[in-house]
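What the coordinates show
Residues per chain are reported as follows:
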Amino acid sequence: MSDATMPAQALLILEDGRTFRGTSYGAQGTALGEAVFTTGMTGYQETLTDPSYARQLIVQTAPHIGNTGVNAADNESTRIWAAGYVVRDAARRPSNWRSEGTLDDELSTQGIVGIQGVDTRAITRHLRERGAMKAGIFSGTDAARPEAELLAEVLAQPAMAGLRLAEEVSVDEAYVVEPSDHGWEGEPLFSIAALDLGIKGMTPIRFAERGVRVHVLPATTTFEEAQALNPDGVFVSNGPGDPATANNQVAFVRSFLDAGVPYFGICFGNQILGRALGFGTYKLRYGHRGINQPVMDRTTGKVEITSQNHGFAVDAPLDGPSQAPEERFGRVEVSHISLNDQVVEGLACLDIPAFSVQYHPEAAAGPHDAAYLFDRFISLMTENKTAQSKTAQSQENK
């Protein structure tokens, strides 16, 4: 290989000064963000296009990345949202019948700065011990600058705690996902309002496959605007940033809970429900990211292997039902817990039709253990509609 085709030098610098040297991957330049690691051995394309990774530098613990190339079908959004990419052994060429291009070229085309040839195991161990932290990737001419200058740039960026990002990654205009476009025959069973805080493309499809029409709405949508759709249920998606900044979305959810409309939230939507019920949230040391996270469903005693991507969690009592701090919403219990560290992985309201989980049941990428949650929400909407019909019939008979 000639010097002209050799990858440029690159550095990964963490906020505590730890430095890793490698070569450039994707675009050259500077990428700043929070360094986090993800443990998935497959699904790198879905990971990169997950809006929940906005403002983050993804460290892949799996050593071989790019083997299967990239294709348009596997994207979970319209672009790569990760701020930067850190891999150990980037594939020189893809080998898969579905491949339409190389990951290296895709990163370059979208201007995503990456680094390859670094010890991702050492980086992961460091982040586990010290916690997710500010970091920067510098390649090409940027890598030639003094390290003290680069570290100062890393330190000057804002921390993830306190960042409000959902509005940055959400859609600008509402759109509808129809069941008839995804194999459903006959009229839709239900219609739901889905608040997009960073929704992955497969999520509304999972609903549509089950006969649910999905109105995907911008993160700035008001209760009145969503209510005008007369939805049978409300869904709040995953997304990036600190849930403590999501006051507008918390008010949105509280209004629907007050109205008795069935609610289902995932990831950020779990944190929003927690806050709506009056619980707090906090930042995890290094978060849960990957497609192999074990969770116990306390309602069934079954263990699920789940797909996760979150750095914040709900602070709620783990033992038994408790009264929600916002007392009008009644009792709530932690329905799911992480088997790694006992973090709250789900909430179930006992007196109103609402529940949520902290992980990604759409399984893109990941296992399908949690697909039943979509069916659980449909059952909740069915029960609610039946109860409403009985109430209306009783009033007519008076």
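The following refers to the structure shown. Please read these numbers as outputs of a predicted model, since none were measured by experiment.

Before going further, it helps to spend a moment on the overall build of the protein. Secondary structure summary: the protein contains 10 helices and 20 strands in total. Its C-alpha atoms give the protein a radius of gyration of 22 Å, within 12% of the compact-globule value 21 Å for 398 residues. Its C-alpha atoms give the protein principal-axis dimensions of roughly 90 × 45 × 40 Å. Taking all 398 residues of the protein together, 55% fall into the buried category. Here the contacts in the protein between residues at least 6 apart in sequence split such that 75% fall between residues at least 24 apart. Accessible surface, the protein as shown: approximately 16900 Å² in total, 48% of it carbon and sulfur.

Time to look at the pairing of strand β15 (residues 280–297). Note: β15 against strand β16 (residues 302–315), 12 bridges, orientation antiparallel. Its bridge partner lying in β16, Met296 is registered against Val303. What sits between the antiparallel neighbours β15 and β16 is a turn of four residues, in which Gly301 has the positive phi angle 80 degrees.

Below, the discussion takes up the nonpolar core. Counting 36 residues, the largest nonpolar core has Leu197, Val253, Leu257, Tyr263, Ile272, Leu277 and Leu347 as its most contacted members. Of all the secondary structure elements, the ones that give two or more residues to this core are β11 (190–195), α7 (223–227), β13 (233–236), α8 (247–258), α9 (268–276), β18 (331–338) and β19 (344–349). Broken down by element, this core gets its largest block of residues, five residues, from α8. Listed in part, the 24 residues of the second largest apolar core include Ile192, Ile199, Phe355 and Val357.

On to the side chain of Gln56, then. Relative to the helices and strands, Gln56 resides in strand β4 (residues 56–60). Gln56 gets classed as buried once you look at its relative accessible area, which sits at 4%. In this structure, Gln56 is in contact with Glu34, Val36, Ala82, Ala83, Gly84, Met160, Arg289 and Asn309, ignoring residues within four places of it in sequence.

This part covers helix α3 (residues 120–130). Within an α-helix, residues lying three or four positions from one another point in the same direction, as the helix has 3.6 residues per turn. Within the sequence span of α3, burial applies to Thr120, Ala122, Ile123, Thr124, His126 and Leu127. A side-chain oxygen of the first residue of α3 lies 3.2 Å from the backbone nitrogen of Arg121; this N-cap is Asp119. Phi turns positive, to about 95 degrees, at Gly131, one or two residues after α3.

Judged by side-chain polarity, Val303, Ile305 and Leu339 come together as a nonpolar surface patch covering roughly 220 Å² of accessible area. Mapped onto the elements of the fold, Val303 is located in strand β16. Overall, Val303 belongs to the partly exposed group, its relative accessible area being 45%.

What follows is about unusual backbone geometry. Between Ala364 and Ala365 the backbone carries a cis peptide bond, its omega angle lying at -5 degrees. Topologically, Ala365 is positioned in the loop between β20 (354–357) and α10 (372–397). Even without glycine at this site, Arg55 takes up a positive phi of about 65 degrees. Along the chain, Arg55 falls in the loop between α1 (44–48) and β4. On the accessibility criterion, Arg55 (33% relative accessible area) is partly exposed. A positive phi is found at Ala363, a non-glycine position, where the angle reads about 60 degrees. Mapped onto the elements of the fold, Ala363 is located in the loop between β20 and α10.

Counting buried positions over the five residues of β4 gives five, a clear majority of the element. Judged from the three bridges that link them, β4 and strand β6 (residues 84–86) form a sheet pairing that is parallel. Each residue of the ladder has a partner; that of Ile58, found in β6, is Tyr85.

Once that is clear, we can look at the sheet that holds strand β8 (residues 113–116). Two orientations exist for strands paired in a sheet by backbone hydrogen bonds: parallel and antiparallel. One closed barrel accounts for seven strands, arranged β1-β2-β8-β6-β4-β3-β9; its pairing is mixed. For this sheet, the mean angle separating the axes of adjacent strands, direction not counted, is 35 degrees. Sheet topology places strand β3 (residues 30–38) next to strand β9 (residues 133–139); six bridges connect them, and they run antiparallel. In the strand pairing of β9, Ala31 is matched with Ile137.

Analysis parameters
- Residues numbered from 1 in each chain as written.
- Predicted model: local features only at pLDDT ≥ 70, side-chain atom pairs only at ≥ 80, totals over all residues.
- Heavy atoms only, no water.
- Helix = DSSP H or I, 4+ residues; strand = E, 2+ residues; numbered from the N terminus.
- Rg over C-alpha atoms; globule rule 2.2 N^0.38 Å.
- Buried < 20%, exposed > 50% of the residue type's maximum accessible area, 1.4 Å probe, protein only.
- Contact = heavy atoms within 4.5 Å.
- Areas by Shrake-Rupley, 256 points an atom, 1.4 Å probe, with all protein chains shown as cover.
- Pairing = 2+ DSSP bridges.
- Core = buried A, V, L, I, M, F, W, Y, C linked by side-chain atoms within 4.5 Å.
- Polar contact = N/O pair within 3.5 Å; in protein donor to acceptor, adjacent residues only side chain to side chain.
- Patch = residues over 30% accessible without salt bridge, like charges linked within 9 Å, V, L, I, M, F, W, Y side chains within 5 Å.
- Salt bridge = Lys/Arg side-chain N within 4 Å of Asp/Glu carboxyl O.
- Axes fitted to C-alpha atoms, helices over the stretch in contact; angles between N-to-C directions.

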